[in-house]
Amino acid sequence: MGARGILRTLEGGRVGFHCPGCNEMHVVAADPSNPMPNGAKWGFNGNYDRPTFTPSVLVRTGHHVPGHSAGPCWCTYNAEHPEEPAPFACTVCHSFVTDGQIQFLSDCTHALAGQTVPLPSFDEEVGA
């Protein structure tokens, strides 16, 4: 693993970028011969300073994950434990990464929904 530009290179032809909306790393399979376990893979322009991934990047957690039953999730856990909520949340982050910019779509559940911002380098991460 290593940092190149605003991306981190990971095992298996994957690359990661710091998402300023979620404040965490999102990972994409940039090597078409080695997709994610669910079969997802992305086109990558090969530019580690101004990356473009196609198609969009969609990250879902908790009850937003397809196939999740109506049972417990981070929302219900945190509602039941307000004195010590988990550091997790049920989220949707849906974006287009184009030429080093991340365009958050309106279905995102974080504060940057509908905005376009530059991807930060890992050196710029808070707490890196």
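Residues numbered from 1 in each chain as written. Predicted model: local features only at pLDDT ≥ 70, side-chain atom pairs only at ≥ 80, totals over all residues. Heavy atoms only, no water.

Colleague: For this particular structure, what's the right way to read the overall build of the protein?
Modeller: Helix and strand counts for the protein stand at 1 helix and 9 strands. N-terminal to C-terminal, the α/β element order of the protein is β-β-β-β-β-β-α-β-β-β. Per-residue burial for the protein yields a buried fraction of 34% across its 128 residues. In the protein, of all internal contacts separated by at least 6 residues, the share reaching a separation of at least 24 is 39%. (Helix = DSSP H or I, 4+ residues; strand = E, 2+ residues; numbered from the N terminus. Buried < 20%, exposed > 50% of the residue type's maximum accessible area, 1.4 Å probe, protein only. Contact = heavy atoms within 4.5 Å.)

Colleague: Would you take a moment to explain the confidence of the model for the protein for this structure?
Modeller: A low pLDDT means the predicted coordinates there should not be read in detail. Looking at the protein, the pLDDT average stands at 86 and 88% of residues meet or exceed 70. Averaged pLDDT values for the elements of the protein fall to 66 in strand 1 (residues 2-4) and rise to 98 in strand 8 (residues 101-104). (pLDDT = per-residue confidence, 0-100.)

Colleague: So what exactly am I meant to see when it comes to the sheet that holds strand 8 here?
Modeller: Backbone-to-backbone hydrogen bonds join strands into a sheet, with any given pair of strands oriented parallel or antiparallel. Taking strand neighbours across the sheet as the criterion, the 5 strands line up as 5-6-7-8-9 in an open arrangement whose pairing is antiparallel. In this open sheet, the two strands that pair with only one neighbour each are strand 5 (43-44) and strand 9 (116-118). Note: strand 6 (residues 53-60) against strand 7 (residues 92-98), 5 bridges, orientation antiparallel. Bridged to Phe 53 within strand 7 is Val 97. (Pairing = 2+ DSSP bridges.)

Colleague: Could you clarify how one ought to interpret the layout of surface pockets in this entry?
Modeller: Left-over empty space is what a probe sized like a water molecule reveals as it rolls over the atoms. In this model, the largest pocket occupies a volume close to 320 Å³. His 26, Val 27, Val 28, Met 36, Pro 37, Asn 38, Ala 40, Trp 42, Ser 56, Val 57, Leu 58 and Val 59 together form the lining of the largest pocket. Secondary-structure elements contributing two or more residues to the lining of the largest pocket are strand 4 (24-29) and strand 6. For the lining of the largest pocket, the element with the highest residue contribution is strand 6, accounting for 4 residues. (1 Å grid on protein atoms, 1.4 Å probe; cavity = no way out; pocket = protein on both sides within 12 Å on 5 of 7 lines; lining within 4 Å. Points joined across faces, edges and corners; volume = space filled by probe spheres on them.)

Colleague: Mind showing me how you'd approach the nonpolar core here?
Modeller: General note: in soluble globular proteins, nonpolar side chains tend to be found buried as a group. In this structure, Val 15, Phe 17, Val 28, Trp 42, Phe 53, Ile 102 and Phe 104 are the most contacted members of the largest nonpolar core, which totals 21 residues. No other element matches the 3 residues that strand 3 (residues 14-19) contributes to this core. Each residue touching Ile 102, except ones within four places of it in the same chain, is listed here: Phe 17, Pro 20, Ser 95, Phe 96, Val 97, Gln 115, Thr 116, Val 117 and Leu 119. (Core = buried A, V, L, I, M, F, W, Y, C linked by side-chain atoms within 4.5 Å.)

Colleague: Is there a simple way to think about the environment of Cys 19 in this case?
Modeller: Mapped onto the secondary structure, Cys 19 falls in strand 3. Cys 19 gets classed as buried once you look at its relative accessible area, which sits at 0%. In the structure, Cys 19 is positioned 74 residues away from Cys 93 in sequence and 9.0 Å away in space, judged by C-alpha atoms. Ignoring anything within four residues of it in the chain, the contact list for Cys 19 reads Glu 24, His 26, Cys 93 and Phe 104.

Colleague: Any chance you could explain unusual backbone geometry here in plain terms?
Modeller: As a rule of thumb, non-glycine residues mostly have phi less than zero, and peptide bonds are mostly trans rather than cis. Of the consecutive residues Thr 54 and Pro 55, the connecting peptide bond is found in the cis state with omega at 0°. Summarising the element assignment, Pro 55 is placed in strand 6. Its identity as a non-glycine residue notwithstanding, Asn 23 has a phi of 60°, on the positive side. Relative to the helices and strands, Asn 23 resides in the loop between strand 3 and strand 4.

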